[in-house]
Amino acid sequence: MDGDWKVVGADADSTEVLTDLTRSLADRRQFPRATGEAIERYKWYLIGNRPVRTGRFPRRRTVVAESRIGLDLIDAAASSSSGDG
């Protein structure tokens, strides 16, 4: 139980975008470009293991359980945050 967490796509389009963003940051060392004109919706999961206490004393023990947290994100077009009005 080392606390490793990961983000994965919940559908093909979200996975593709996540892969492209990761490559931009990790491989190319570039921050991803601003979004286009459309509003994009992404569905990702944050997945990791967490300790869970089970049983009663004196047989109480800790087991590892997977946690999955849904991340539904909306990426508004770059122009909506530009401050131009």
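What counts as what
- Residues numbered from 1 in each chain as written.
- Predicted model: local features only at pLDDT ≥ 70, side-chain atom pairs only at ≥ 80, totals over all residues.
- Heavy atoms only, no water.
- Helix = DSSP H or I, 4+ residues; strand = E, 2+ residues; numbered from the N terminus.
- Polar contact = N/O pair within 3.5 Å; in protein donor to acceptor, adjacent residues only side chain to side chain.
- Contact = heavy atoms within 4.5 Å.
- Pairing = 2+ DSSP bridges.
- Axes fitted to C-alpha atoms, helices over the stretch in contact; angles between N-to-C directions.

(A) The side chain of Ser-24, seen in detail. Of note, Ser-24 is situated in helix 1 (residues 12-26). Reaching out from Ser-24, the side chain makes a polar contact with the side chain of Arg-28 at a distance of 3.1 Å. With near-sequence residues (within four places) excluded, Ser-24 lies in contact with Arg-29, Gln-30 and Pro-32.

(B) Structural view of the pairing of strand 3 (residues 61-75). Note: strand 2 (residues 40-54) against strand 3, 15 bridges, orientation antiparallel. Counterpart to Trp-44 in the pairing with strand 3 is Leu-71. Taking the residues between adjacent antiparallel strands as the criterion, strand 2 and strand 3 are bridged by six residues, where Gly-55 takes a positive phi near 80 degrees.

(C) Expanded view of the sheet that holds strand 3. The sheet built from three strands is open, its strands ordered 1-2-3 with antiparallel pairing. Single-partner strands in this sheet number two, and they are strand 1 (5-9) and strand 3. Averaged over all pairs of adjacent strands, the angle between strand axes in this sheet comes to 25 degrees, irrespective of strand direction. Where strand 1 lies against strand 2, five bridges are found, and the strand directions are antiparallel. Each residue of the ladder has a partner; that of Lys-6, found in strand 2, is Ile-47. Contacts between helix 1 and the sheet are confined to strand 1 and strand 2, with strand 2 contributing the most and set at about 85 degrees to the helix.

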